[in-house]
Amino acid sequence: MTTLRPLTITDARRLNIARQQLTGIPPLDMLQTVKEIGCLQLDPISAVDKTHFLVLWSRLGQYARADVDRLIYQDKALFEYWAHMASLVVTDDYPIYAHWMHQYPGDGAWGAKIQRWLEEDAHSPVPLKDFMLNAFREKGALPSRHFDDKTEGELVSSGWTSARNASRMIDYLWHSGAIMVAHRQGIQRFWDLADRCLPDWTPRTPLPESEVVQLSAQKAIRALGVARIDHIKAHFTRGRYPDLPRILEHLLADGTLEKVEIRQNNKNLPGVWYLHQEDIALLEQIQAGNWQPKTTLLSPFDNLICDRKRTEMLFDFEFRIEIYTPQNKRQYGYYVLPILHGDTLIGRIDPLMNRKQHCLHINAVYAEPNAPADAETVQAIRTSIDSLATFLGAKTLQFSDKVPAQWAKIK
């Protein structure tokens with residue numbers, strides 16, 4: 001019987017944090033950071049700041065937001081597409097996404113519904129698909145509102161389009177790779193033909209599905225440090241891992257991956273865990289004591305914690321986003337940021353940025369049971385909050401009285 005490489009749960013946490021670029025080691029540049037973590041989730045809520053800005057701040061500290069726009073719209077090293085959610089993804093990974101673009105809308109009830117709608121549109125006097133594509137060809141980048149006069153008819157809404165046919169067609173054209181976001185004005189997206197948005201150097205060689213899944217699985221495992229099959233399926237290209245068990249066996253056979261065991265309290269964590277061979281050296285450094293901790297705050301959509309079940313298993317930290325929970329039923333707050341302290345999630349803060357008053361309000365601070373209360377920890381948390389305030393352009397910082405007694409000096 002083959003002996004598996006042993007990891008403690010602390011090893012697994014630290015490897016995950018290191019691969020997510022959240023240690024005290026000087027950060028990589030912005031593009032390399034995104035490449036390492038796989039993608040930057042997008043979300044319109046800006047109670048504190050847009051999540052992709054926060055995810056980068058957690059890793060890079062102070063930086064200019066204009067640098068993000070430069071990577072997207074000038075260097076074109078990133079573009080908007082669907083990863084584990086709507087995200088900024090890496091142009092170098094285009095062949096992975098192109099495969100799924102060509103598969104869209106796929107099988108299933110919703111795919112069949114879209115196909116029926118597209119067939120109806122193709123037989124209409126002025127097909128909406130052709131009308132919109134011709135408009136992009138002739139006029140260049142356009143916002144969705146340009147097509148508001150073409151929304152007659154009915155289509156069951158996905159929940160995001162208010163049953164507007166133009167919005168549904170844009171959604172279809174985006175997912176199928178015909179159009180992309182050319183630029184934004186605030187939250188308004190301007191769409192254009194994909195060939196105009198992608199740089200000339202974009203890799204475009206089609207890949208067979210097995211190779212797409214191989215590449216995606218490796219990217220997911222590396223971003224997670226160690227992972228089970230369910231973790232891989234929930235990460236990077238979430239839900240798009242057909243025939244994954246067989247492909248993992250192939251990667252084990254050629255030495256790309258190895259199975260490991262994770263020990264906690266003299267027991268193995270359940271399931272089969274995979275480690276990428278390119279991370280063995282990093283793991284061995286961590287196990288030898290080469291670990292540089294960092295204290296920072298995390299976006300509620302941060303890649304480290306986007307898989308809630310995994311977060312509970314590895315970090316013993318239950319986290320739920322309460323944005324859509326009625327206010328009187330929220331346990332912690334509207335837009336809560338977990339506190340990462342070294343290899344532990346020790347608490348969370350409930351902040352709100354008032355941009356008109358240039359004030360960051362800390363509505364509440366919560367400590368996990370057995371969270372450290374020493375002066376160094378308290379100061380590290382306060383330093384992280386101050387850094388966030390600086391990044392947001394806050395001129396003042398206000399705390400409520402909802403601060404744990406052991407962390408009272410944070411205020």
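Please refer to the structure higher up on the page.
As the structure is a computational prediction, the values presented were derived from the model and not from experiment.

About the criteria used
Residues numbered from 1 in each chain as written. Predicted model: local features only at pLDDT ≥ 70, side-chain atom pairs only at ≥ 80, totals over all residues. Heavy atoms only, no water. Helix = DSSP H or I, 4+ residues; strand = E, 2+ residues; numbered from the N terminus. Buried < 20%, exposed > 50% of the residue type's maximum accessible area, 1.4 Å probe, protein only. Contact = heavy atoms within 4.5 Å. Pairing = 2+ DSSP bridges. Axes fitted to C-alpha atoms, helices over the stretch in contact; angles between N-to-C directions. Parallel < 35°, antiparallel > 145°, perpendicular 65-115°, else oblique. Nonpolar A, V, L, I, M, F, W, Y, C, P; charged D, E, K, R; others polar.

### Quick notes on the side chain of His175
Phase 1 of the analysis: Topologically, His175 is positioned in helix α8 (residues 165–175).
Phase 2 of the analysis: Look at His175 and you get buried, because its relative accessible area is 12%.
Phase 3 of the analysis: Excluding anything up to four places from it in sequence, His175 contacts Tyr81, Trp82, Met101 and Tyr104.

### Re the sheet that holds strand β3 (residues 78–82)
Phase 1 of the analysis: Read across the open sheet, the 3 strands follow the order β2-β4-β3; overall the sheet is antiparallel. Since the sheet does not close on itself, it has two edges, and those belong to β2 (39–41) and β3, each with one partner. For this sheet, the mean angle separating the axes of adjacent strands, direction not counted, is 30°.
Phase 2 of the analysis: Here β2 runs beside strand β4 (residues 86–90); their pairing, made up of 3 bridges, is antiparallel. Residue pairing across strands places Gln41 opposite Ser87, the latter belonging to β4.

### Here's the deal with the pairing of β3
Phase 1 of the analysis: The element β3 is largely enclosed, with a buried count of 4 among its 5 residues.
Phase 2 of the analysis: As defined by bridge partners, β3 adjoins β4 across 5 bridges and the pair is classed as antiparallel. In the strand pairing of β4, Tyr81 is matched with Ser87.
Phase 3 of the analysis: Counting the residues in the hairpin turn of β3 and β4 gives 3 residues.

### Here's the deal with the packing of helix α2 (residues 30–37) against helix α3 (residues 51–60)
Phase 1 of the analysis: One way to put it is that α2 packs onto α3 with a least axis distance of 11 Å and a crossing angle of 105°. Between α2 and α3, the interaxial angle falls into the category roughly perpendicular. Residues Met30, Thr33, Val34 and Ile37 of α2 touch α3, and the partners they reach there are Val55, Leu56, Arg59 and Leu60.
Phase 2 of the analysis: Counted by class, the contact of α2 with α3 contains 6 nonpolar, 1 polar and 1 charged residues.

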